[in-house]
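Summary of the model geometry
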Amino acid sequence: MKRAVLVHVLLLLIVWQPATAKESPANFYSTTEIVGRTAGGFETPDNQRLTPAGVLVELPGVRPNALALSPDGRLLVTAGMTHKLIVVDPNSGRILQEIEFPNATNNLSAMAGSELVLNANVKDKLSFTGIAFSPKETRIYLSNVNGDLKVFGVGADRKVSPLFAIPLPAVNKPDRKMDIPTGLAVSRDGKRLYVCLNVSNRLLELDTATGQRLRAWDVGVAPFEVVVVGNTAYVSNWGGRRPAPDNAVGPIGRNGTVRVDHRSVASEGSVSVINLASTPQPAGSNLEILTGRHASALALSPDGKYVACANAGDDTISIIDTRQNRLVETVSARQQPGDPFGAQPDALAFDSSGTMLFACNASQNAVAVFQFKTKSKVLGLFPRFHYQPGGTRLVGLIPVGWFPGGIVYDASRRRIDVANLTHLPAQKQKAGNRKGSGTGFNSKQWFGSLSLVPVPSSAALEALTRTALANLRYPLLEQAKLPARSDRAPVPVPERVGEPSVFHHVIYFIKENRSYDQVMGDMSEGNGDADLCVFGERVTPNQHKVVREFTLLDNTYCSGIMSADGHQWADSGIATDYIERSFNTWPRSYPGGGSDAHGYDSLAYSPAGFIWNDALEHSRTVADFGEFTNPRAVWKNSGKPVANWTQMYRDFIGGSNAIAYSAEAGLEALRPCVVSNYPAFDLRVPDVVRAGLFIEQLKKYETAGSMPNLLIVWLPNDHTSGTQFGAPTPEAQVADNDLAFGRIVDAVSHSPFWKDTCIFSIEDDPQDGWDHVSGYRTTAYVASPYSKRHAVVHTQYNHTSLLRTTELILGLPPMNQLDATATPMFDCFTNAPDFTPFDAARNQVALDEMNPHPKSIKNAQLRKDALLSAKLPLDREDQCPEDLFNHILWRAVKGPGVPYPAWAVSVKQEPDDD
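1. Comments concerning the sheet that holds strand β18 (residues 213-218)
Strand order in the open sheet formed by four strands is β15-β16-β17-β18, and the pairing between neighbours is antiparallel. Across the chains shown, the open sheet's two edge strands, defined by having one partner strand only, are β15 (181-186) and β18. Sheet twist, expressed as the average angle between the axes of neighbouring strands with direction ignored, equals 20°. Strand direction decides the pairing type here: strand β17 (residues 202-207) and β18, joined by five bridges, are antiparallel. Its bridge partner lying in β18, L206 is registered against R213.

Structure (structure tokens):
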């Protein structure tokens, strides 16, 4: 346990030397394996493999955001994504109970002298975090995203039962009526409960007997966790200090602001120190210790002398001395301090001796093991270097499940118990379908898991570390750092950053919500299921023509599962801890690419930035067509908003040009790149209008003789409007999207830029779909003069592959560990160009084929679907209940008499999950 992890890394690199010495080492890790369960583990849609150590407890329908072990070690409890508390036997991992939350009306409001106000559209569920036992183990407290605390009783027989709810203060913010409770701490005598209030930025003290609110202290932005040491409370603040008047700030949805850097990304974290023996003071009066970004989980050493704070946004752990209330050490959770961002420690636990500290390295799917030994006399020399003599140091990694986010140390069993926020469930296969693997499922089939892992010996930890590093393809991080070679001729995709490419421009399309089988299932050349194809060649002739003339990709995946995380993956190649914890109803924001105020959240964005930041910081030019912008369409003569799709389509077809479109940057750092007349997500705007605006801009580039190096284009209408009256049919909207894509590829291929331009396209997520291989599988396209013509590529790719390939083409370093270890798309290209342009195909579905009025629909089920579609919130992305929306789309295209493919879409969710 005393050997530094650097030794393990070197051993691993030696073992893998033949692979890293190959001419194309990154391609050595390419695979045709599908995403899902495989022999001996799991393949994730973000390049990694899972081989969890210990016992894996699967939790269908649960994304476990928090975990607690009873003081006597006899009960393990967790919750998340469901209005149930899950009770697990720590000995066997068997689920003992699933207890419904106490009804919100059965609360202590009368005793507390207050009234509980519910956020009407949100069901009771665990929030970002927050679960705790009382000292005598008679109660369990749980933070509910809906603005109260759920209280459960624990009987002498260890049976858990719901008791009541404790209401919390209302905040009456634009998107929130109630506050969001997060971290909890119970006083040693069990009489006081301390609650972090994530929206109002306070620490609240409650009387556990009556629920009465006693005191409240102001803390930093978005408090996450609290621990109590004597008369002092330590509160971690996800967003750091409250902004000062002269600070650059960014939004956290519509419920607050946070300090940001030049990229509009949250720039700090902190820990507030509260004297519980004093009267609460105004904001800014309490001591606040700066830590790293995304300060989240806290852990108290057994002797009470130190508080550790996980800084997920900086891959560090801050150690605070509770006797001096000062920062005494900052420990890196990366294998080497020079590695890019991507460990994301987000949960902590000490062992009972206080000599070991365990951290969930969330995006590495591993628990980092530290030898904890802080010596203040050396800290001033190397405050950020974790190999300092006598200091805390990383000694190994333990592979667990997918994105671990909660951890407890079980002293009686000498074991760590870990809550993994997500998981890849098994799925039954359609009878007779030999193409499938049995892993096809809808990406929003909520699943999580627990890993119950004995603390390994030193020798066992070495082996586990090698496994964990192999799972995350660690040697590719070293490969990504290699300098460019000066003797290289230009190729489509260089092997190293800075080596020349034949391409000078990348056009990157982001589309909305389609799976592979939905669109390409009818392509016999690929691994498709024609029975699941609803938008086949008749609807999407251009996408079919692109894959026939260029390359068909049938093993490409979205790394995310809905717009909120999908656009983060598509633009930055990673999802933060804040994003992964927000799946419990997205309580603060829905950062799905922009389009309204609710969609912007500086805490959601990767601390390493977006692909446009990477480009701009390396002297590349960028044009943004819609991504992270707000759209607007008004009549030029009056300035009044345009009412509907028909008006916009007729204006476009008739050429009257009476409508003015505009886009307002949602991120200040993106403002100079925004094409100001290109509208973002608004299903009333036909995609052919967007294509026309893009082509107008392309002509300006032709006149100027130059085009930006990176063009990002949001083309969203394949999302569809269901069967909503006044909107085009689902087939018409997908046909509109297809024609727009084809026209842009056509225009670029006939332009002078074609010779050195590469076009990529992918969906942001596949959620409104079904697939026989995996719920993450999607359509993706690559078109260029150097693309392999008439080829089928079965190599496994995902969002990070497109980003990594773009980076290599444009000479950009990877942004984080996930895109650094991605498989570049070498297999899609050839060194022999074919400059034949692409000619767009005519649409076969009329773009103005409109959904009929419900009264005119004879079939009862289709009429009901039309009435439901009229009520769905289609003005914002992903706000519709997905299972319902999927059924509507299926019946709209296939007809009500064709059985819904439940075998390919097994959804377990609540109606409000979007």
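2. Looking at the side chain of T208
By the element assignment, T208 lies in the loop between β17 and β18. Overall, T208 belongs to the buried group, its relative accessible area being 7%. In terms of polar contacts, T208 uses its side chain to reach the backbone carbonyl oxygen of G190, at 2.8 Å. Excluding residues that lie within four positions of it along the chain, T208 makes contacts with R139, Y141, G190, K191, R192 and L193.

3. So, the environment of C758
Structurally, C758 can be placed in strand β43 (residues 757-763). As for C758 and V748, which are separated by ten residues in sequence, their C-alpha atoms are 9.7 Å apart.

4. Section: the confidence of the model for the chain
Put simply, the chain has an average pLDDT of 89, and 89% of its residues get 70 or more. Overall, residues 1-23 carries pLDDT values under 50, and its contacts beyond four positions in sequence, including any with other chains, amount to 56 contacts. Predicted confidence is poor over residues 907-914, with pLDDT under 50, and the contacts of this stretch with residues over four places away or in other chains come to 34 contacts.

5. Looking at the nonpolar core
Grouped together as the largest cluster of nonpolar side chains are 86 residues, with contacts concentrated most on W612, F760 and F829. Per-element tally for this core: the top contributor is helix α16 (residues 799-810), with five residues. Sequence-distant contacts of F760, that is, excluding residues within four places in its chain, are made with V506, I507, Y508, F509, Y781, V782, L802, T805, T806, I809, M825 and F829. Counting residues in hydrophobic clusters, the runner-up holds 72 residues, among them Y678, V688, A732 and W770.

6. Description of helix α14 (residues 687-704)
Between the first and last C-alpha of α14 there are 26 Å, a value that for 18 residues agrees with the 26 Å anticipated at 1.5 Å per step. By the burial criterion, the buried members of α14 are D687, V688, V689, R690, A691, L693, F694, I695, Q697, L698 and Y701. After α14 finishes, the residue G705 shows a positive phi value of roughly 80°.

7. Observations regarding the pairing of strand β6 (residues 76-79)
Along β6, one buried face is formed by L76 and T78 and the opposite face, lined by V77 and A79, is buried too. The pairing of strand β5 (residues 66-69) with β6 spans four bridges and is classified as antiparallel. Residue A66 lies in a different strand from β6, and its bridge partner there is A79. The hairpin formed by β5 and β6 contains six residues between the paired strands, and G73 there has a positive phi angle of roughly 75°. For β6 and strand β7 (residues 84-88), the ladder comprises three bridges, and the chain directions are antiparallel.

8. Some words on the packing of helix α10 (residues 563-572) against α16
Orientation of α10 relative to α16, taken along the N-to-C sense of each, is 25°, at an axis distance of 7 Å. By the angle between their axes, α10 is roughly parallel relative to α16. On α16, the residues touching G566, W569, A570, D571 and S572 of α10 are H799, T800 and L803. When its residues are assigned to classes, the contact of α10 with α16 shows three nonpolar, four polar and one charged.

9. Looking at unusual backbone geometry
Even without glycine at this site, M81 takes up a positive phi of about 65°. The residue M81 is located in the loop between β6 and β7 in this model. The backbone of R158 sits at a positive phi, close to 70°, despite the residue not being glycine. When you line up the elements, R158 lands in the loop between β11 (148-154) and β12 (160-167).

10. Considering the sheet that holds strand β20 (residues 232-237)
Spatial ordering of the open sheet is given by β19-β20-β23-β24, a layout of four strands whose pairing is antiparallel. Single-partner strands in this sheet number two, and they are β19 (223-229) and β24 (287-290). The average angle at which neighbouring strand axes cross in this sheet is 20°, direction not considered. In this structure, β19 lies alongside β20, joined through six bridges in antiparallel fashion. Paired with V227 across the strands is Y234, a residue of β20.

11. Some points on the pairing of strand β27 (residues 316-321)
In terms of burial, β27 is a largely internal element, six of the six residues being buried. Along β27, one buried face is formed by T316, S318 and I320 and the opposite face, lined by I317, I319 and D321, is buried too. Here six bridges tie strand β26 (residues 306-311) to β27, and the two strands are oriented antiparallel to one another. Bridging across to β27, A308 finds its partner in I319.

12. Some remarks on the pattern of salt bridges
Applying the stated criterion across every chain yields a total of 41 salt bridges. One salt bridge connects K84 with E98, and the closest N-O pair in it is separated by 3.8 Å. Here E98 lies in strand β8 (residues 95-100) and K84 lies in strand β7, a separation of 14 residues in the sequence. Judged by relative accessible area, which is 24%, K84 ranks as partly exposed. You can call E98 partly exposed: its relative accessible area is 47%. Among the ionic pairs, R581 bridges to D346, the shortest N-O distance being 3.5 Å.

Quick notes on the rules
- Residues numbered from 1 in each chain as written.
- Predicted model: local features only at pLDDT ≥ 70, side-chain atom pairs only at ≥ 80, totals over all residues.
- Heavy atoms only, no water.
- Pairing = 2+ DSSP bridges.
- Helix = DSSP H or I, 4+ residues; strand = E, 2+ residues; numbered from the N terminus.
- Axes fitted to C-alpha atoms, helices over the stretch in contact; angles between N-to-C directions.
- Buried < 20%, exposed > 50% of the residue type's maximum accessible area, 1.4 Å probe, protein only.
- Polar contact = N/O pair within 3.5 Å; in protein donor to acceptor, adjacent residues only side chain to side chain.
- Contact = heavy atoms within 4.5 Å.
- pLDDT = per-residue confidence, 0-100.
- Core = buried A, V, L, I, M, F, W, Y, C linked by side-chain atoms within 4.5 Å.
- Expected span 1.5 Å × (residues − 1).
- Parallel < 35°, antiparallel > 145°, perpendicular 65-115°, else oblique.
- Nonpolar A, V, L, I, M, F, W, Y, C, P; charged D, E, K, R; others polar.
- Salt bridge = Lys/Arg side-chain N within 4 Å of Asp/Glu carboxyl O.

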